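Chain by chain, the residues:
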Amino acid sequence: MKKIQLITLSVLLAIIFVVTAMQCNNNPPPPAIKQYSYTEPIVNPPDSFQVIFNISTLGDKFAYVTFDKNAVWLIEKLGDGRLNFAIQNDTATVHITKADTLALKAGYQYTLVANNNNYEGFTNLFTQFTRLNSLNYDDFEPKF
């Protein structure tokens with residue numbers, strides 16, 4: 001009787017091992033996107049990065065970003081649409097509802113503003129910036 005139980009257990013463990021091994025993905029994971037906290041100035045970020053805001057408390061949260069070269073950027077607000085996110089320069093503010101594409105200049109400090117709009121239950125707002133190297137800065141409008 002003990003031999004039957006031992007054989008049954010061995011077969012079950014072998015099946016579990018084979019099924020688990022078949023589900024393994026041998027492809028390498030995609031490269032991680034650099035993440036920054038809003039609490040430290042961001043200078044010369046990579047071509048793709050995220051800014052994370054802690055919006056668990058009321059009020060505006062500010063981040064400051066300075067780019068190393070003129071470029072066109074895709075700016076995305078990730079997550080719940082009720083959260084407020086905007087980018088400011090000296091003269092204007094662009095509110096990012098879901099995503100927007102802007103030509104941003106080098107050496108200028110942009111202000112990013114996040115706010116939970118007084119909703120409870122939100123902890124973090126993730127935003128993502130992706131440099132669009134396929135678009136020429138000089139030809140692109142709007143410049144911001």
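Residues numbered from 1 in each chain as written. Predicted model: local features only at pLDDT ≥ 70, side-chain atom pairs only at ≥ 80, totals over all residues. Heavy atoms only, no water.

Draft legend 1. Here's a closer look at the sheet that holds strand β4 (residues 61–66). Spatially, the five strands line up as an open sheet ordered β2-β4-β9-β6-β7, and their pairing is mixed. This sheet does not close on itself; its edge strands, each paired only once, are β2 (42–43) and β7 (93–95). Of the pairings in the sheet, the one linking β4 to strand β9 (residues 109–115) comprises six bridges and is antiparallel in character. Paired with Lys-61 across the strands is Ala-114, a residue of β9. (Pairing = 2+ DSSP bridges. Helix = DSSP H or I, 4+ residues; strand = E, 2+ residues; numbered from the N terminus.)

Draft legend 2. Fine view of the packing of aromatic side chains. Scanning the model with the defined rule gives eleven aromatic pairs in all. Between Phe-49 and Trp-73, the aromatic rings sit 5.7 Å apart at their centres with planes inclined by 75°, giving edge-to-face as the arrangement. Taken together, the residues span a long stretch of sequence, with Phe-49 in strand β3 (residues 48–54) and Trp-73 in strand β5 (residues 71–78) at a distance of 24 residues. Trp-73 sits in the buried class, given a relative accessible area of 0%. With a centroid separation of 4.7 Å and an interplanar angle of 35°, the aromatic rings of Phe-67 and Trp-73 are classed as tilted. (Phe/Tyr/Trp six-rings, centres within 6.5 Å; stacked < 30°, edge-to-face > 60°. Buried < 20%, exposed > 50% of the residue type's maximum accessible area, 1.4 Å probe, protein only.)

Draft legend 3. Highlighting the side chain of Lys-61. Along the chain, Lys-61 turns up in strand β4. Engagement of the side chain of Lys-61 in a polar contact is seen with the backbone oxygen of Leu-58, the distance being 3.3 Å. Here Lys-61 is in contact with Tyr-38, Phe-53, Asn-54, Ile-55, Leu-112, Val-113 and Ala-114, once residues within four sequence places are set aside. (Polar contact = N/O pair within 3.5 Å; in protein donor to acceptor, adjacent residues only side chain to side chain. Contact = heavy atoms within 4.5 Å.)

Draft legend 4. Looking closely at the environment of Thr-123. Along the polypeptide, Thr-123 turns up in the loop between β9 and β10 (124–131). Sequence spacing of Thr-123 and Thr-57 is 66 residues, and the spatial spacing of their C-alpha atoms is 8.2 Å. When residues no more than four places from it in sequence are discounted, the contact partners of Thr-123 are Phe-53, Asn-54, Ile-55 and Ser-56.

Draft legend 5. Geometry of the sheet that holds β5. One open sheet accounts for five strands, arranged β1-β3-β10-β5-β8; its pairing is mixed. Each edge of the sheet is formed by a strand with only one pairing partner; in this case those strands are β1 (34–37) and β8 (99–104). Recorded for the sheet is a direction-independent mean angle of 25° between the axes of neighbouring strands. As defined by bridge partners, β5 adjoins β8 across six bridges and the pair is classed as antiparallel. Counted as the bridge partner of Val-72 is Ala-103 from β8. (Axes fitted to C-alpha atoms, helices over the stretch in contact; angles between N-to-C directions.)

Draft legend 6. How the structure looks around the pairing of β10. Two strands pair when backbone bridges link them, and β3 and β10 are joined in this way by seven bridges, in the antiparallel orientation. Paired with Asn-54 across the strands is Asn-124, a residue of β10. Inspection of the sheet shows β5 paired to β10 by six bridges, in the antiparallel sense. Paired with Leu-78 across the two strands is Phe-126, which belongs to β10.

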